[in-house]
Amino acid sequence: MRTRLLSTLAVFAVACAITPAHPLSAQQSADKLKPEDTEVWKPVPPVVTPGDKCDAPPSDAIILFDGKNQDEWVSAQDHAPAQWIVHNGIFTVSKSSGNIETKRHFKNYQLHLEFRIPADITGSGQARGNSGVFLASTGPGDDGYELQVLDNYKNETYVNGMVGSLYKQAIPLANAARKPGEWETYDVIWTAPEFSSDGSLKSPAYATVFFNGVLVENHFELKGQTLYIGKPFYKAYDRAAIKLQAHGDKSEPISFRNIWVREL
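Quick notes on the rules
Residues numbered from 1 in each chain as written. Predicted model: local features only at pLDDT ≥ 70, side-chain atom pairs only at ≥ 80, totals over all residues. Heavy atoms only, no water. Buried < 20%, exposed > 50% of the residue type's maximum accessible area, 1.4 Å probe, protein only. Helix = DSSP H or I, 4+ residues; strand = E, 2+ residues; numbered from the N terminus. Pairing = 2+ DSSP bridges. Phe/Tyr/Trp six-rings, centres within 6.5 Å; stacked < 30°, edge-to-face > 60°. Salt bridge = Lys/Arg side-chain N within 4 Å of Asp/Glu carboxyl O. Axes fitted to C-alpha atoms, helices over the stretch in contact; angles between N-to-C directions. Contact = heavy atoms within 4.5 Å.

Student: I keep staring at the pairing of strand β7 (residues 131–137) and nothing clicks. Help me out?
Tutor: Looking down a regular strand, the side chains alternate between one sheet face and the other. The element β7 is extensively covered by neighbouring structure, given that seven of its seven residues are classed as buried. Relative to strand β14 (residues 241–244), β7 runs antiparallel, the two sharing three bridges. Following the sheet pairing, Val133 is matched in β14 by Leu244.

Laid out in structure tokens, this is it:
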């Protein structure tokens, strides 16, 4: 019994020797810090001058359409000069000319874009003001990653294909559509997918979308390209164009204006 007691006392003595007599709590440790111990001064963020209005491009934006010409755009099919219709500071879909895309290619970016469904729009469902913003157009044979443009003001359709959806993948968190004839706004943060040297996926694509100032996609993780038919999958790419769709149905043509992008 005495031997067991001595052993217990020895263990206790060793424990006491390696344990601080008065352990400091996290708050006590923080109390010993100075304010400047947690201040970060560098690197200093770059200065960006905001636009005069909330929808105006900031000083570091790349202007993709300023209402004057289509110099930043080409045909998505053959990269010939874009042939949509420019008039009164806007450009309008030309179905005969097909889809157009940016000459420049982008990776991660912030995009601002405004579109208008004609006031006299006809049709219903997907055949009512259908277009799309392809956030990464990886080639004529690929579907890319589409943010849907559609008239959903009192117009029902499948919800993963309505305005504000990442087509066939992400149902919008709200329907913030304005009446046809009124200008609508998309503000998008696009985080491109990353791929390994063998083409395998390292990290998926994410999209955050504000539609008319309302959050409709909150850092949504895409499962791959936004396919019309079938399950999404990823195909490796590095940088890609931004594409606007000429849908080709009987809907009246959609107009766009004030398009700019900031690389991130």
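Student: I'm lost on the packing of aromatic side chains in this one. Help?
Tutor: Two aromatic rings are characterised by how far apart their centres lie and by the angle between their planes. Within this structure, the stated rule accounts for 15 aromatic pairs. Ring geometry for Tyr145 and Tyr234: centres 6.3 Å apart, planes at 35°, overall tilted. Taken together, the residues span a long stretch of sequence, with Tyr145 in the loop between β7 and β8 (146–149) and Tyr234 in the loop between β13 (214–221) and β14 at a distance of 89 residues. Tyr145 sits in the buried class, given a relative accessible area of 1%.

Student: Looking at this structure, I do not really get the pattern of salt bridges. What am I missing?
Tutor: Side chains that carry opposite charge are capable of pairing whenever their charged atoms lie near each other. Under the defined criterion, the tally for this structure stands at seven salt bridges. Residue Arg262 is joined to Asp60 by a salt bridge in which the shortest nitrogen-to-oxygen separation is 2.8 Å. Placement of Arg262 in strand β15 (residues 255–263) and of Asp60 in the loop between α2 (26–31) and β1 (62–65) is noted, with a sequence separation of 202 residues between them. Where Arg128 meets Asp151, a salt bridge forms, and the shortest distance between an N and an O atom there is 2.4 Å.

Student: How should the pairing of strand β12 (residues 206–211) be read in this particular structure?
Tutor: Bridge count for strand β9 (residues 183–191) against β12 is six bridges, and the pairing is antiparallel. Bridging across to β12, Thr191 finds its partner in Tyr206. For β12 and β13, the ladder comprises five bridges, and the chain directions are antiparallel. Paired with Tyr206 across the strands is Glu221, a residue of β13.

Student: Before we go on, may I ask you to explain the sheet that holds strand β2 (residues 73–75) in this structure?
Tutor: Strands belonging to one sheet form pairs held by backbone hydrogen bonds; the direction of such a pair is parallel or antiparallel. Read across the open sheet, the five strands follow the order β2-β5-β14-β7-β8; overall the sheet is antiparallel. Unpaired on one side and paired on the other, β2 and β8 mark the two borders of the sheet. Averaged over all pairs of adjacent strands, the angle between strand axes in this sheet comes to 25°, irrespective of strand direction.

Student: What is the right way to look at unusual backbone geometry in this model?
Tutor: Negative phi characterises most residues that are not glycine, and trans characterises most peptide bonds. Going from Lys42 to Pro43, the amide bond is cis rather than trans, its omega being 0°. Note on placement: Pro43 falls in the loop between α2 and β1. Although it is not a glycine, His79 adopts a positive phi angle of roughly 65°. Positionally, His79 belongs in the loop between β2 and β3 (85–87). In this model, Lys168 sits at a positive phi of 65°, which is unusual for a non-glycine residue. Position of Lys168 relative to the elements: it lies in the loop between β8 and β9. Judged by relative accessible area, Lys168 falls into the partly exposed class, the value being 31%.

Student: Help me understand the environment of Leu264, please; the structure alone is not making it clear to me.
Tutor: Relative to the helices and strands, Leu264 is located in the segment after β15. Residue classification places Leu264 among the exposed residues on the basis of a relative accessible area of 55%. Residues Leu264 and Trp190, spaced 74 residues apart in sequence, show a C-alpha to C-alpha distance of 9.0 Å. Contacts of Leu264, omitting those with residues within four sequence positions, involve Asn108, Tyr109, Gln110 and Ile189.

Student: Could you clarify how one ought to interpret the side chain of Glu72 in this entry?
Tutor: Along the polypeptide, Glu72 turns up in the loop between β1 and β2. Discounting chain neighbours no more than four positions away, the residues touching Glu72 are Ile63, Leu64, Glu101, Thr102, Lys103 and Arg104.

Student: Where do I start with the environment of Phe115 in this structure?
Tutor: Tracing the backbone through its elements, the reader meets Phe115 in strand β6 (residues 109–116). For Phe115 and Thr185, which are 70 residues apart along the polypeptide, the C-alpha to C-alpha distance reads 6.5 Å. Residues contacting Phe115, with those up to four places away along its chain left out, are Val149, Val163, Glu182, Trp183, Glu184, Tyr186, Phe211, Ile254, Ser255 and Phe256.

Student: Please explain the environment of Asn212 as it appears in this structure.
Tutor: On the secondary structure map, Asn212 appears in the loop between β12 and β13. For Asn212, a relative accessible area of 14% translates into the label buried. Between the C-alpha atom of Asn212 and that of Asn175, which follows or precedes it by 37 residues, the distance is 9.9 Å. Look past the residues within four positions of Asn212 in its chain and what remains in contact with it is Ala176, Ala177, Arg178, Trp183, Glu184 and Thr185.

Don't take any of this as a statement about function, it's just geometry.
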